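Each chain is listed here by its residues.
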Amino acid sequence: MSINKYNPDSHNRKSIRLSGYNYAQEGLYFITLCVQDRENIFGSISNGILTLNTIGKIAQKEWLNTIEVRDNVELHEFIIMPNHIHGIVEITKDKSKTEDNIGFKSPTQTIGAIVRGYKIATIKQIKEYIAHIDSKSEYSKGELQFAPKNQTIQSKSEYSKGESSKGESSKGESSKGESSKGESSKGEYSKGELQFAPTAPTAPTAPTAQTINTIKILDYKIWQRNYYEHIIKDEPAYQNISNYILTNPEKWYDDKFHK
């Protein structure tokens, strides 16, 4: 008979969710998702300029795809950093049900479900991409074709035309509370005018062999198990968080997630 030894990571794991809070209710949430071991697999930052590689572009596409698969979700500012993602997610009422006046009811429509769905989608896409590289040996030959230069994702209106796709996150160490909408920003978003987190002005770079090997070593367990979320309580909090997201590349070397 085998005896399982005590493991503090698995036997004493504590949830970082806010006890008793309904994460399916309407509101704005600041989410952060970290790569396992904070490995820099999505791209690089030089002189405050973020350049996503192809794997980073997959993470960006799947984040945007969230609003295609979930009717009650709106995406606000977000950014794919080399080893984590910051984003503001809004849970809204179900537009497909006019009688729904109290937002989400299903446990499958919570912040946790949104994050899980995003993680699953990105892992699947990245795994398929690396398998394609291995099977074609295109990476070693330098034959991979990337997106055209200056191709950027600018707004929900473009995305809804089928020009891009999307996806989850983590909670900082700040306090929590009930959220309220940043109406001015959401107004811009609904018009298709809200600019998403800045990316490099050029085409994505190829992921390095080291990046691909790192992902394989992680056995495609790309994401840290937990994520962080902060309930946005008011308009000033929304503006502060929005500014933090958009200026994140400029502060990369001082970022607590920097490795």
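Everything quoted here is computed from the prediction, not taken from an experiment.

What counts as what
Per chain, the residues get numbers from 1 upward, laid out in the order the sequence is written. Restriction of local features to residues with pLDDT of at least 70 applies here, the model being predicted, together with a cutoff of 80 or more for giving and counting side-chain atom pairs; totals for whole chains, interfaces and linings are based on all residues. To get the side-chain values, take all heavy atoms of the structure and skip hydrogens and water. A residue's pLDDT is simply how confident the predictor is in it, with values from 0 to 100. We call two residues contacting when some pair of their heavy atoms lies within 4.5 Å. Here a pair means two rings of Phe, Tyr or Trp (six-membered ring of Trp) with centres within 6.5 Å. Their orientation is stacked below 30 degrees between planes, edge-to-face above 60, and tilted elsewhere. Remark: exposure states derive from per-residue accessible area (1.4 Å probe, protein chains only) relative to the maximum for the residue type, with buried under 20%, exposed over 50%, and partly exposed in between. Helix and strand definitions here come from DSSP, where helices need a minimum of 4 consecutive H or I residues and strands a minimum of 2 consecutive E residues; each element is numbered from the N-terminal end. Lysine and arginine charges are scored as sitting over a ring when NZ or CZ, respectively, is within 6 Å of the ring centre and within 35 degrees of the ring normal. Buriedness of a pocket was judged along seven lines, with at least five required to meet protein on both sides within 12 Å; pockets are open sets of points on a 1 Å grid over the protein atoms alone, cavities are sets where a 1.4 Å probe fits but cannot get out, and lining residues have an atom within 4 Å of a point. Grid points are joined across faces, edges and corners, and a volume is the space filled by probe spheres set on the points. Only buried Ala, Val, Leu, Ile, Met, Phe, Trp, Tyr and Cys residues count toward a nonpolar core, and they belong to the same one when joined by side-chain atoms within 4.5 Å. Salt bridges are counted wherever a side-chain nitrogen of Lys or Arg sits within 4 Å of a carboxyl oxygen of Asp or Glu. We treat two strands as partners when DSSP finds at least two bridges between them. Here an axis means a line fitted to C-alpha atoms, over the contact stretch when the element is a helix, while the angle between two N-to-C directions is reported on a 0 to 180 degree scale.

Engineer: Any chance you could explain the confidence of the model for the chain here in plain terms?
Structural biologist: In low-pLDDT segments, the atomic positions of the prediction should not be examined closely. Mean pLDDT over the chain stands at 73; residues scoring 70 or higher make up 60%. Confidence drops under pLDDT 50 across residues 1-13; counting only partners more than four residues distant or on other chains, this segment forms 6 contacts. Overall, residues 143-201 carries pLDDT values under 50, and its contacts beyond four positions in sequence, including any with other chains, amount to 175 contacts.

Engineer: Which parts of the structure should I look at to understand the packing of aromatic side chains?
Structural biologist: Aromatic rings considered in pairs are described by the distance between their centres and by the relative angle of their planes. The full count for this structure, using the stated rule, is 6 aromatic pairs. Ring centres of Phe42 and Trp223 lie 5.6 Å apart, and the angle between their planes is 45°; on these two criteria the pair is classed as tilted. For the pair Phe42 and Trp223, a shared accessibility class is recorded, and that class is buried. Ring centres of Trp63 and Phe78 lie 6.2 Å apart, and the angle between their planes is 40°; this geometry places the pair in the tilted category. In this pair, Trp63 is assigned in helix α2 (residues 54-64) and Phe78 in strand β4 (residues 73-80), connecting sequence segments 15 residues apart. The pair Trp63 / Phe78 is uniform in exposure class, with both members buried. The structure contains a cluster of three or more aromatic residues connected by ring pairs, namely Phe42, Trp63, Phe78, Tyr118 and Trp223. Positioned over the ring face of Tyr220 is Lys127, at 5.3 Å from the centre of the ring.

Engineer: How should I be thinking about the layout of surface pockets in this particular structure?
Structural biologist: In this approach a probe as big as a water molecule rolls over the atoms, and the regions it shows empty are the leftover space. Here the second largest pocket defines a volume of roughly 300 Å³. Lining of the second largest pocket is provided by 19 residues; of these, Asn40, Ile41, Gly43, Thr208 and Thr211 occupy positions nearest its centre. Elements supplying a minimum of two residues to the lining of the second largest pocket: β2 (43-46) and α8 (209-217).

Engineer: What exactly am I supposed to notice about the nonpolar core here?
Structural biologist: In globular proteins that are soluble, nonpolar side chains generally tend to be buried together. One finds Leu33, Phe42 and Ile111 to be the most contacted residues of the largest nonpolar core, which totals 50 residues. Only β1 (27-34), β3 (49-52), α2, β4, β5 (84-91), α4 (111-136), α8 and α9 (235-246) provide two or more residues apiece to this core. Residues in contact with Ile111, not counting those within four places in the same chain, are Tyr23, Tyr29, Ile31, Val89, Ile91 and Tyr227.

Engineer: Teacher, can you tell me more about the pattern of salt bridges here?
Structural biologist: Pairing is possible between side chains of opposite charge, provided their charged atoms come close. One pass over the full model with this rule turns up 3 salt bridges. One salt bridge connects Lys61 with Glu62, and the closest N-O pair in it is separated by 2.7 Å. On the basis of relative accessibility, which here comes to 8%, the residue Glu62 falls in the buried class. Residue Lys124 is joined to Glu128 by a salt bridge in which the shortest nitrogen-to-oxygen separation is 2.9 Å. Here Lys124 pairs with Glu128, and both are found in helix α4, just 4 residues apart, close to one helical turn.

Engineer: Even after reading the chapter, I still don't get unusual backbone geometry, so can you show me in this structure?
Structural biologist: Phi angles above zero are rare outside glycine, and Asp37 is one such case at about 60°. Relative to the elements of secondary structure, Asp37 occurs in the loop between β1 and β2. Look at Asp37 and you get partly exposed, because its relative accessible area is 46%. Backbone geometry at Asp219 places phi at a positive 55°, although glycine is not the residue there. Relative to the helices and strands, Asp219 resides in the loop between α8 and β6 (228-231). For Asp219, a relative accessible area of 51% translates into the label exposed.

Engineer: Is there a simple way to explain the sheet that holds β6 in this structure?
Structural biologist: Whether parallel or antiparallel, the strands of a sheet pair through hydrogen bonds between backbone atoms. The strand order across the open sheet built from 4 strands is β4-β5-β1-β6, with neighbouring strands paired in antiparallel fashion. In this open sheet, the two edge strands, each paired with only one partner strand, are β4 and β6. Adjacent strand axes in the sheet meet at a mean angle of 20°, parallel and antiparallel pairs treated alike. Bridge analysis of β4 against β5 gives 6 bridges, and the strand direction is antiparallel. The partner of Val73 across the bridge, within β5, is Ile91. Packed onto the sheet, α2 meets β1, β4 and β5 and runs at close to 165° relative to β4.

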